[in-house]
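Examining the three-dimensional arrangement
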Amino acid sequence: MINRVLIRIKVVQMLYSYLLTKSDFKIETPPDTTGRDRRYAYMVYLDTLLFLLELAGHRVQPDAGPETVGADKVLNSSKMMSSLFGEDEIRDVILKRNSRIAALNDALKPVMLKITSSAAYRDYSKRKKPTLQDEIQFWTVVIKSIIANDEAVQKALMQNPDFTYAGLERGLQMAENTLRGYSDNRELLTDAQDSLTRSLDKAYELYHMLLLLPVQITRMRDILVDAARNKYLPTDEELNPNMKLIDNQLPDLILNSPDMEQYLKKNSVSWDEDTTLIRRLLDLILSSEIYQQYIADPVSDRKSDCEFWRKVMRDIILPSTDLAEALEAKSVFWNDDIDIMGTFVIKTIKKIASSADDKVELLPQYKDGEDARFGAELFMLVVDNFPEYSQYIERFINTNSWDPERLAFMDLVIMVTAMAEILNYPLIPIPVSLNEYIEIANSYSTPRSGQFVNGILYNVIEELRREGRLQKK
């Protein structure tokens, strides 16, 4: 029942919050002193980080040939280096320090040979899925045991007029410290994953809450009618009220549904504390043309009772600003969910109308196990591949008409999520994925985002096909 349209929206929202706040590395800031050792140490520090990226196959010199980039599959697969490459501070450094890192080009091949011949590499390469600690250990050994002792590296670094041995040692140590301080944001990631699960559970809760509104509104009508009948000097109308709304079959069918009973046993949800809202919705219903037509109709059966509430839900309850304000106060998720959940509530009422069974079935939270796993799987596919997929997107941004620095981060998250789905879910047609994420961009990003996302993703898809990574249509 929680379909993939809503799941995609939730995944994008949670990814945006998580990726916007996470920072995997603490990149050192320039020293606030003019001391030669510290100034030179900082230069060595930056050059070492960029050199590591080159070894791991990340191009930090846009104008350099492919021979300057590491080509070892084991090093290329380092997720930690991919995360480092994706850091905003490192991207800024890459733009500013091309000339300095070029001095280390001659050292790439000898250092690569020493790395791939080392015991540390042999041990690291045997691990099918290296842990965070495996990666930290390996790359710090590369700095300490290989880069620090390589003559070609030392020769390149000594070309700097500010060279000092103390600065060289300090800069290499700073690079080690940055890697050792790497955090995979386990706590932040766990919170984001929990928020995704919780938001989907809350959407299903909203489905039940909306279904309970006819129950609660009917109860309110019954209480008010009874109070008016028993007050001092009631009018004839109060003594003989129209009971058609109170006798409507739908509320009892919903409340007595085994699915609703089971849900309410496990989840404490009700409108008991929202009497003002319920009274306001009741007043809107009683004053509506829908109600007047309903009580004027002599037919009273299950189908007409359900049709009345379907119209009330569609035209009065769901568009109500009072309901929107109440939902906003109850959950931060619900104002985004009400349109989709409202659609499912209306479908459920239509389903009850056409059923002859007194024990009606409500919609399950997910259609099947695949849908139940879809959100969590898609979320982690984006987290694990964000740097790689982002590079594809950056490749097709036309810098003459669009400043990459002004690219809306939400657009980037949407496009990376679309890539993750297109590449990893062979049974979902590409046009389906494209249309869904373009709609998300139109709804949740800038006015031009839908068109922009469409253009970039089209180019990315064509590139993936040329590379042989994508075969589906």
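Notes on the structure in this doc start here.

The rules behind each value
- Residues numbered from 1 in each chain as written.
- Predicted model: local features only at pLDDT ≥ 70, side-chain atom pairs only at ≥ 80, totals over all residues.
- Heavy atoms only, no water.
- Helix = DSSP H or I, 4+ residues; strand = E, 2+ residues; numbered from the N terminus.
- Rg over C-alpha atoms; globule rule 2.2 N^0.38 Å.
- Buried < 20%, exposed > 50% of the residue type's maximum accessible area, 1.4 Å probe, protein only.
- Core = buried A, V, L, I, M, F, W, Y, C linked by side-chain atoms within 4.5 Å.
- Contact = heavy atoms within 4.5 Å.
- Expected span 1.5 Å × (residues − 1).
- Phe/Tyr/Trp six-rings, centres within 6.5 Å; stacked < 30°, edge-to-face > 60°.
- Lys NZ or Arg CZ within 6 Å of the ring centre and 35° of its normal.

**As for the overall build of the chain**
The helix and strand tally for the chain stands at 24 helices and zero strands. Taking 473 residues into account, the globule formula puts the C-alpha radius of gyration at 23 Å, and the chain, at 31 Å, lies well above it. Overall, the chain is about 105 × 50 × 45 Å in size when its C-alpha atoms are taken along their principal axes. Sorting the 473 residues of the chain into buried and exposed places 49% on the buried side.

**Some words on the environment of T131**
Here T131 lies in the loop between α8 (119-125) and α9 (132-146). The spacing of T131 and F374 is 243 residues in sequence and 25 Å in space, taken between C-alpha atoms.

**Considerations on the nonpolar core**
Formed by 104 residues in total, the largest nonpolar core has its most connected members in I2, Y207, M341 and F379. With 16 residues, helix α12 (residues 186-229) is the single largest residue contributor to this core. Contact partners of M341, with chain neighbours within four places excluded, come to M1, I2, L6, A203, L206, Y207 and L210. M80, L84, L104 and I115 belong to the second largest nonpolar core, which has 50 residues in total.

**Details of helix α2 (residues 36-55)**
Taking 1.5 Å per residue as the helical rise, α2 with its 20 residues ought to reach 28 Å, and the 28 Å between its terminal C-alpha atoms agrees with that figure. Counting buried positions along α2 gives 15 out of 20 residues, so the element sits mostly inside the fold. In the stretch just after α2, G57 is the one whose phi turns positive, near 90 degrees.

**Describing the packing of aromatic side chains**
Tallied over the full model, the rule gives 13 aromatic pairs. Measuring from ring centre to ring centre gives 5.9 Å for Y42 and Y45, while their planes differ by 35 degrees; the resulting arrangement is tilted. Placement of the pair is Y42 and Y45 together in helix α2, with a separation of three residues, close to one helical turn. On the accessibility criterion, Y42 (14% relative accessible area) is buried. Each residue in the set Y16, F386 and F409 is aromatic and connected to the rest through ring pairs, giving one cluster. Above the face of the Y294 ring, K244 is positioned so that its terminal group lies 4.4 Å from the ring centre. Positioned above the aromatic ring of Y392 is the side chain of R395, whose terminal nitrogen or guanidinium carbon lies 4.6 Å from the ring centre.

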